[in-house]
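Here's the letter readout for the chains.
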Amino acid sequence: MNTILQFLHQSEGKIDACVDYTRPSLAIDILVLKEAFLAAKNRGIKLRYVTEITRDNISYCKQLMTMVDELRHLDAIKGNFYISETGYLAPATLHEAGKSAAQAIYSNVKEIIEHQKYVFETLWSKTIPAE
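Residues numbered from 1 in each chain as written. Predicted model: local features only at pLDDT ≥ 70, side-chain atom pairs only at ≥ 80, totals over all residues. Heavy atoms only, no water.

1. What to know about the overall build of the protein
Counting its secondary structure elements, the protein contains five helices and seven strands. For the protein, the N- to C-terminal ordering of α and β elements is α-β-α-α-β-α-β-β-β-β-α-β. The C-alpha radius of gyration computed for the protein amounts to 13 Å, which stays within 12% of the reference 14 Å derived for 131 residues, consistent with globular compactness. Along the first, second and third principal axes, the C-alpha atoms of the protein reach 40 × 30 × 30 Å. In the protein, buried positions account for 45% of the 131 residues. A separation of at least 24 residues holds for 70% of the contacts in the protein among residues at least 6 apart in sequence. Accessible area of the protein: about 7,300 Å², with a carbon and sulfur share of 53%. Within the protein, one finds 15 positive and 16 negative side-chain charges whose respective centroids are separated by 2 Å. (Helix = DSSP H or I, 4+ residues; strand = E, 2+ residues; numbered from the N terminus. Rg over C-alpha atoms; globule rule 2.2 N^0.38 Å. Buried < 20%, exposed > 50% of the residue type's maximum accessible area, 1.4 Å probe, protein only. Contact = heavy atoms within 4.5 Å. Areas by Shrake-Rupley, 256 points an atom, 1.4 Å probe, with all protein chains shown as cover. Lys, Arg positive; Asp, Glu negative; His and termini not counted. Charge placed at Lys NZ, Arg CZ, Asp CG, Glu CD.)

Structural data, given as structure tokens:
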């Protein structure tokens, strides 16, 4: 959790997130994470968020829509990652329902960030707006 919070705090321009259907509830229910998203937005960070919107998480997604600049849906997302202008963060995919991942991968290697930006943009182009 500390790694995710630090990532959100250090970002300066934008954060792109691609997460599975279980993650929207964490962004709302874990208060410190919710506050970090809101603080980033208040600092002017542009937040784009892709997830699978389901019947089970739609109430969380509606709340997320007030916290991020853009929320979009994509069917069957597997895995989770965040990208900023200076970092790539991937919380472990295997996690207990309702809890944040215990492990994460972080990199500030330019080539990895650029590659993951490309992956995100490719997925983004296949999404539909949450509205």
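Here the narrative resumes.
2. Topic: helix α5 (residues 110-124)
Compared with an ideal rise of 1.5 Å per residue, which puts 15 residues at 21 Å, α5 spans 21 Å between its outermost C-alpha atoms and is within 8% of the ideal. At its buried positions, α5 is contacted by β1 (14-18), β2 (46-51), β3 (70-73), β4 (81-84), β5 (88-91) and β6 (104-107). (Expected span 1.5 Å × (residues − 1).)

3. Quick word on the confidence of the model for the protein
The share of residues in the protein with pLDDT of 70 or more is 93%, and the mean pLDDT across the chain is 91. Ranking the elements of the protein by mean pLDDT puts helix α1 (residues 2-10) last with 85 and β3 first with 98. (pLDDT = per-residue confidence, 0-100.)

4. Observations concerning the packing of aromatic side chains
Enumeration according to the criterion identifies four aromatic pairs in this entry. Ring plane angle 25° and centroid distance 5.5 Å describe the contact between Phe120 and Trp124, whose orientation is recorded as stacked. With Phe120 and Trp124 both in helix α5 and four residues apart, the pair spans about one turn of that helix. Exposure class is identical for Phe120 and Trp124. Each is buried. (Phe/Tyr/Trp six-rings, centres within 6.5 Å; stacked < 30°, edge-to-face > 60°.)

5. Regarding the sheet that holds β6
With mixed pairing, the seven strands of this open sheet are ordered in space as β6-β5-β4-β1-β2-β3-β7. Of all the strands in the sheet, the pair left with one neighbour each is β6 and β7 (128-129). Sheet topology places β5 next to β6; four bridges connect them, and they run antiparallel. Each residue of the ladder has a partner; that of Leu89, found in β6, is Tyr106. Relative to the sheet, α1 contacts β1, β4, β5 and β6, its axis offset from that of β5 by approximately 150°. (Pairing = 2+ DSSP bridges. Axes fitted to C-alpha atoms, helices over the stretch in contact; angles between N-to-C directions.)

6. A closer look at the pattern of salt bridges
Summed over all chains, the structure comprises seven salt bridges. Among the ionic pairs, Asp20 bridges to Arg23, the shortest N-O distance being 4.0 Å. Assessed through its relative accessible area of 7%, Arg23 is described here as buried. Ionic pairing is found between Glu70 and Arg72, a salt bridge with its closest N-O pair at 3.5 Å. Where salt bridges share partners, they join Lys14, Asp16, Arg48 and Glu121 into one cluster. (Salt bridge = Lys/Arg side-chain N within 4 Å of Asp/Glu carboxyl O.)

7. A closer look at the pairing of β5
Of the two faces of β5, the one holding Tyr88 and Ala90 and the one holding Leu89 and Pro91 are both buried throughout. Two strands pair when backbone bridges link them, and β4 and β5 are joined in this way by two bridges, in the antiparallel orientation. Paired with Tyr82 across the two strands is Leu89, which belongs to β5. Between β4 and β5, which pair antiparallel in sequence order, lie three residues.

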